[in-house]
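These are the residues of each chain, in order.
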Amino acid sequence: MEKIIKEAKNGNREAVLHLYEKNKKRIYFICDFLMENEEQTDFVFEDVFEQVWKNLAQKNIQSEEEFKDLCIHIAIKLCKNKYFISNPHQLKEQKPDIKETIEIKEMESNLDFNKICSSLQSLNKETRFVLKSYLCSDFSCRQLKETLNVDEMIIEDYIQYCFQTIDECTQFKSVILKQEKEPFQSTNQKCIETIEALTKKESGFKKIFIVPILLVCLIASYFVLKDDSVYYADINIKDYGQIVVQLDSKQAPETVDNFVSLAQSGFYDGLTFHRIMDGFMMQGGDPNGDGTGGSSQTIKGEFSANGVDNEISHIRGTISMARSSDYNSASSQFFIVQSDSTFLDGQYAAFGTVLSGMDIVDEICEKANPIDDNGSIEKSEQPVIESIQIRKE
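Basis of the calculations
- Residues numbered from 1 in each chain as written.
- Predicted model: local features only at pLDDT ≥ 70, side-chain atom pairs only at ≥ 80, totals over all residues.
- Heavy atoms only, no water.
- Phe/Tyr/Trp six-rings, centres within 6.5 Å; stacked < 30°, edge-to-face > 60°.
- Helix = DSSP H or I, 4+ residues; strand = E, 2+ residues; numbered from the N terminus.
- Buried < 20%, exposed > 50% of the residue type's maximum accessible area, 1.4 Å probe, protein only.
- Lys NZ or Arg CZ within 6 Å of the ring centre and 35° of its normal.
- Core = buried A, V, L, I, M, F, W, Y, C linked by side-chain atoms within 4.5 Å.
- Contact = heavy atoms within 4.5 Å.
- Polar contact = N/O pair within 3.5 Å; in protein donor to acceptor, adjacent residues only side chain to side chain.
- Expected span 1.5 Å × (residues − 1).
- Salt bridge = Lys/Arg side-chain N within 4 Å of Asp/Glu carboxyl O.
- Pairing = 2+ DSSP bridges.

Overview of the packing of aromatic side chains
Across all of its chains, the model carries 18 aromatic pairs by this definition. Relative to Phe 113, the ring of Phe 33 has its centre 6.0 Å away and its plane inclined at 40°; by these criteria the two rings are tilted. Taken together, the residues Phe 33 in helix α2 (residues 13-35) and Phe 113 in helix α6 (residues 113-120) connect sequence positions 80 residues apart. Judged by centre distance (5.3 Å) and plane angle (70°), the ring pair of Phe 45 and Phe 49 falls under edge-to-face. Taken together, the positions of Phe 45 and Phe 49, both in helix α3 (residues 38-58) and four residues apart, correspond to about one turn of that helix. A relative accessible area of 0% places Phe 45 in the buried class. Using a relative accessible area of 2% as the deciding quantity, one classes Phe 49 as buried. These aromatic residues form a ring-pair network of at least three members: Tyr 20, Tyr 28, Phe 45, Phe 49, Trp 53 and Phe 67. The aromatic ring of Phe 33 is capped on one face by Lys 132, whose charged end is 4.6 Å from the ring centroid. The residue whose ring lies beneath Arg 323 is Tyr 348, and the NZ or CZ to ring-centre distance is 4.5 Å.

Here we look at helix α7 (residues 125-135)
Among the eleven residues in α7, ten count as buried, and that is most of the element. Within α7, burial applies to Glu 126, Thr 127, Arg 128, Phe 129, Val 130, Leu 131, Lys 132, Ser 133, Tyr 134 and Leu 135.

Some remarks on the nonpolar core
With 64 residues, the main nonpolar core has Ile 27, Ile 30, Val 48, Phe 49, Trp 53, Phe 67 and Leu 135 as its most contacted residues. Ranked by residue count, the leading element in this core is α2, at 13 residues. Ile 30 has contacts with Ile 72, Ala 75, Ile 76 and Cys 136, leaving out every residue within four places of it along the chain.

Section: the environment of Lys 9
Along the chain, Lys 9 turns up in helix α1 (residues 3-9). Classification of Lys 9 as buried rests on a relative accessible area of 11%.

As for the side chain of Ser 329
Assignment of secondary structure puts Ser 329 in the loop between β5 (318-321) and β6 (334-337). A polar side-chain atom of Ser 329 sits 2.9 Å from a polar atom in the side chain of Ser 324. Within the structure, the side chain of Ser 329 is placed 2.7 Å from the backbone oxygen of Asp 326, a separation counted as a polar contact. Apart from the residues within four sequence positions on either side, Ser 329 is in contact with Thr 298, Ile 299, Arg 323 and Ser 324.

Some details on helix α4 (residues 64-83)
Residue pairs spaced three or four apart in an α-helix point in one direction, given the helix's 3.6 residues per turn. With 20 residues, α4 extends 28 Å from end C-alpha to end C-alpha; this agrees with the ideal 28 Å at 1.5 Å per step. Here α4 lies mainly inside the structure; 15 of its 20 residues are buried.

Focus: the pattern of salt bridges
Considering all chains together, one arrives at 16 salt bridges under this definition. The salt bridge partner of Lys 181 is Asp 32, with a shortest N-O separation of 3.1 Å. Of this pair, Lys 181 sits in the loop between α10 (166-176) and α11 (185-198) while Asp 32 sits in helix α2, and the two are 149 residues apart along the sequence. On the basis of relative accessibility, which here comes to 30%, the residue Lys 181 falls in the partly exposed class. Using a relative accessible area of 21% as the deciding quantity, one classes Asp 32 as partly exposed. Connected via shared salt-bridge partners are Glu 21, Lys 24, Lys 25 and Glu 182.

Quick look at unusual backbone geometry
Of note, the phi angle at Glu 36 is positive, near 60°, even though the residue is not glycine. With respect to the helices and strands, Glu 36 occurs in the loop between α2 and α3. By relative accessible area, Glu 36 is classed as partly exposed at 34%.

Considering the pairing of strand β4 (residues 281-284)
Residues Met 281 and Gln 283 line one face of β4 and the alternating positions Met 282 and Gly 284 line the opposite face, and both faces are buried. Both strand β3 (residues 273-277) and β4 contribute to a ladder of four bridges, which runs antiparallel. Looking at β4, one finds that Arg 275 is bridged to Gln 283. The pairing of β4 with β6 spans four bridges and is antiparallel. The residue bridging Met 282 from the neighbouring strand is Ile 336, located in β6.

Structural measurements only, silent on function.
Printed below as a string of structure tokens:
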């Protein structure tokens, strides 16, 4: 293991700052290049490095090169979740359209960065994002497959349809790989302040690396959620109003970490409550809108039947994670309990409590018109989550 990585894992402030300063311009450029939106770029960039510090504890990072690849992997992954808010899985089966991508083949071979950006704008949204992800990273198609959660052959198809030759693709890539961009001063300062807080004596960052390895994931999640801070989620539902939830990272740290990360990335914006049962609960957060979808990853079920102590009971106002029969299949779908349902205790990962807005839950449940006994709601009638905003106090 390289000395700088070892020192960073031990919470050395100078080492952590060195890694941040060395990679920030490249990562900021990637976020800006992929997001195509200045405001969202800053938001995603800050989240990237929060996730990076967490993963530095969990991953077997040995060198600065591996650290750089980790930063790029997380940046592309978070940009994908934000870019495809309505359906982060839509790349999986998406084939490129030759008619929409052919214009790029007619560009002259001697290109500068601005000309490349202009040519890429002629591509459809899915093609553009996959191609940009490939061009702005050192990743092979196989590596990018893991980052985008897309079949390797689909990535190769995008490249093949967009470029006449490998040399043409290489030329584009060589120009883009040289690009960097300085983060805005305010954004840069926030990231530095986070590092300063994490590397203070006796901080969570140092503790991550001196405890036994079996505790790393739990403490890493604790660290990302800023020590003993309490997190609140403001769930804004179109035409209904706001439900305020207090999240409990002590009882369900991994679940809260996952929910916060998805909310901050904009994953939930525009999704719906697709399953509503009056007198029981309302369930949402599925990008497919039918109970079959989720985010790009699953998490461990934090409940007693799965070996995790969780004392939150499924009484009225509890928020909990939906899952399949697999205990560790929870991803993005959650539900809010309308009436006491303690028979769920120990079987589902409850992770917070509604502080205000249960009148909204009651209204939604009472107005719902399920089309089956499972509470399924017609897509045109599903209440829409405009946003989930995370606050810390």
